[in-house]
Amino acid sequence: MDICYQRFPKVKIREMKDDYLKFELRETDASMANALRRVMIAEVPTLAVDLVEIEVNSSVLNDEFIAHRLGLIPLSSDNAMEMRFARDCDACDGDGQCEFCSIEFTLSARCTDDQTLDVTSAELRSSDPALCCPVDQILRPGADSNGYDGSEQRGITIVKLRRGQELRLRAIARKGIGKDHAKWSPAATVTFMYEPQIHINEDLMETLTYEQKMEWIESSPTKVFGIDPNTHQVVVLDPEAYTYDDEVIKKAEAMGKPGLVEIYAKEDSFIFTVESTGAIKSSQLVINAIEILKQKLDAVRLSEDTEESLDQFRELGAHLGGGGN
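Residues numbered from 1 in each chain as written. Predicted model: local features only at pLDDT ≥ 70, side-chain atom pairs only at ≥ 80, totals over all residues. Heavy atoms only, no water.

Quick look at the sheet that holds strand 12 (residues 261-276)
Where we set the bar: Any two strands are treated as partners once DSSP identifies two or more bridges connecting them. Strands here mean DSSP runs of E at least two residues long; helices mean DSSP runs of H or I at least four residues long; both are numbered from the N terminus. The axes used here are C-alpha line fits, helices contributing only the stretch in contact, and every angle between their N-to-C directions lies in the interval 0 to 180 degrees. Only heavy atoms enter the contact rule, under which two residues are in contact if any of them lie within 4.5 Å.
The strand order across the open sheet formed by four strands is 1-2-12-9, and the pairing between neighbours is antiparallel. At either margin of the open sheet sits one strand with a lone partner, and together these are strand 1 (10-16) and strand 9 (187-200). With strand direction ignored, the average angle separating the axes of adjacent strands in the sheet is 30°. The pairing of strand 2 (residues 20-26) with strand 12 spans seven bridges and is classified as antiparallel. The partner of R26 across the bridge, within strand 12, is S269. Helix 1 (residues 30-42) rests against strand 2, strand 9 and strand 12 of the sheet, and its axis sits at about 155° to strand 9.

See the structure below:
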């Protein structure tokens, strides 16, 4: 008999910025946590330069090198989920050059003096800036009309030109996913860790001298434990700083005090850290990943229902065929 345990995962946001998100995922298992992580890295779609037509290039970099650098510039992709993949677009027969599946960029730069000219992503001109542009061109509070504040580098460097050198090109940005190429991945970093549960054996700890306690605390590579200056009791300062290195456990055994501390991972609690490239906000990255995961599960469910229907149809056909004989 099959037994199904229904889970209701819970999410608690700890810290949220445009490009950084830290949250807790509880009451689920590692398979779901890892599925969410992999979808965020490899299957949430973004826009990236996929086709480059070089008109003039007298720089020191060859055409392929410049095309590669253009592809790695993160582009704002807030509407990527609604756009079509070029291979599935019926408006342009898969050419990937229409308003439904692509955005066009142009770049024109020429150095006319003796000072080296830095050609950056700020020189890229989008056919629809409201829909898609390099992330460094997005206007932020306190920035000037070009989208920069005084402390920032003005764009992502593409190439440097000397006097008389010129670069002129046309580029097409298309929708894609990180599974096809890393340039489409919206995630700079996505990690999760099991939430550690730490229990100190207070009775056994009291058998140690102050110096032994300090020696045991300092055996941890990260600052997990501390000592109360008033009571001289060992306390847990930051359980999440524990890296599952087992150093404090080994130290306790070396001191002849096995069982001094018990540390185990909560198998249904995970702490996620998400960093976005800027193509989409970190919070939207998680939401899009959950939506894609739901679509994949729906597809699996539909496939199982279809197979079950086909099996029933075959059984009916075999029954009717047997009756005819």
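Further notes follow.
Focus on the pattern of salt bridges
Formally: One speaks of a salt bridge when a side-chain nitrogen belonging to Lys or Arg is within 4 Å of a carboxyl oxygen belonging to Asp or Glu. Throughout, exposure labels follow a simple rule: accessible area from a 1.4 Å probe, protein chains only, divided by the maximum for the residue type, with under 20% read as buried, over 50% as exposed, and the rest as partly exposed.
All chains considered together, the criterion is met by 22 salt bridges. R14 is the partner of E24 in a salt bridge, and the nearest nitrogen-oxygen pair spans 2.6 Å. Of this pair, E24 sits in strand 2 while R14 sits in strand 1, placing them ten residues apart in sequence. Judged by its relative accessible area of 7%, E24 falls in the buried class. Linking E166 and R110 is a salt bridge whose minimum nitrogen-to-oxygen distance equals 3.1 Å. Within this pair, whereas E166 is found in strand 8 (residues 166-176), its partner R110 is found in strand 4 (residues 102-110), the two being separated by 56 residues in sequence. Look at R110 and you get partly exposed, because its relative accessible area is 46%.

Focus on the nonpolar core
Put simply, the rule is: Throughout this description, the term nonpolar core refers to a set of buried Ala, Val, Leu, Ile, Met, Phe, Trp, Tyr and Cys residues connected via side-chain atoms within 4.5 Å.
Core analysis: the biggest nonpolar cluster contains 23 residues, and L70, L75, F105, L107, I158 and L169 have the highest contact counts within it. Residues contacting L70, with those up to four places away along its chain left out, are V49, V52, L124, I158 and L169. Membership of the second largest hydrophobic core comes to 19 residues, among which are L21, V39, I280 and I292.

Comments concerning the state of the cysteines
So the rule is basically this: Sulfur atoms of two cysteines make up a disulfide when they are within 2.5 Å.
Enumeration according to the criterion identifies zero disulfides in this entry. In this structure C89 is a free cysteine whose sulfur lies 3.4 Å from that of C98, the closest cysteine sulfur available.

What to know about the pairing of strand 12
Note: strand 9 against strand 12, twelve bridges, orientation antiparallel. Along strand 12, the bridge assignment pairs H199 with E262.

As for the pairing of strand 2
Pairing of strand 1 with strand 2 involves six bridges; the strand directions are antiparallel. When the sheet's bridge partners are listed, I13 is paired in strand 2 with F23. Counted between consecutive antiparallel strands, the loop separating strand 1 from strand 2 contains three residues.

What to know about the packing of aromatic side chains
Two measures describe an aromatic ring pair: the distance that separates the ring centres and the angle between the ring planes. As a reminder, the rule being used: Classification of ring pairs uses Phe, Tyr and Trp, with its six-membered ring standing for Trp, and accepts pairs whose centres are within 6.5 Å; under 30 degrees between planes counts as stacked, over 60 as edge-to-face, and the remaining range as tilted. By the criterion adopted, a ring carries a charge over it if an Arg CZ or a Lys NZ lies within 6 Å of its centre and within 35 degrees of its normal.
The final tally for this structure, using the stated rule, is six aromatic pairs. A centroid spacing of 5.3 Å and a plane angle of 65° characterise the contact between Y242 and Y244, whose relative ring orientation is edge-to-face. Clustering of aromatic rings is evident, with ring pairs tying together F23, F192, Y194, F270 and F272. Against the face of F100 rests R84, its NZ or CZ located 4.4 Å from the ring centre. Above the plane of the ring of F85 lies R87, whose end atom (NZ or CZ) is 4.5 Å from the centre.

Let's talk about helix 2 (residues 63-71)
For clarity, the threshold we go by: The reported arc concerns the directions from the helix axis to the C-beta atoms and nothing else.
When we look at burial in helix 2, the residues that qualify are I66, L70 and G71. Projected onto a plane normal to the axis of helix 2, the buried residues spread over an arc of 140° and lie on a single side. Buried residues along helix 2 sit against strand 3 (46-57), strand 7 (157-161) and strand 8.

Interpretation in functional terms is not warranted from these geometric data alone.
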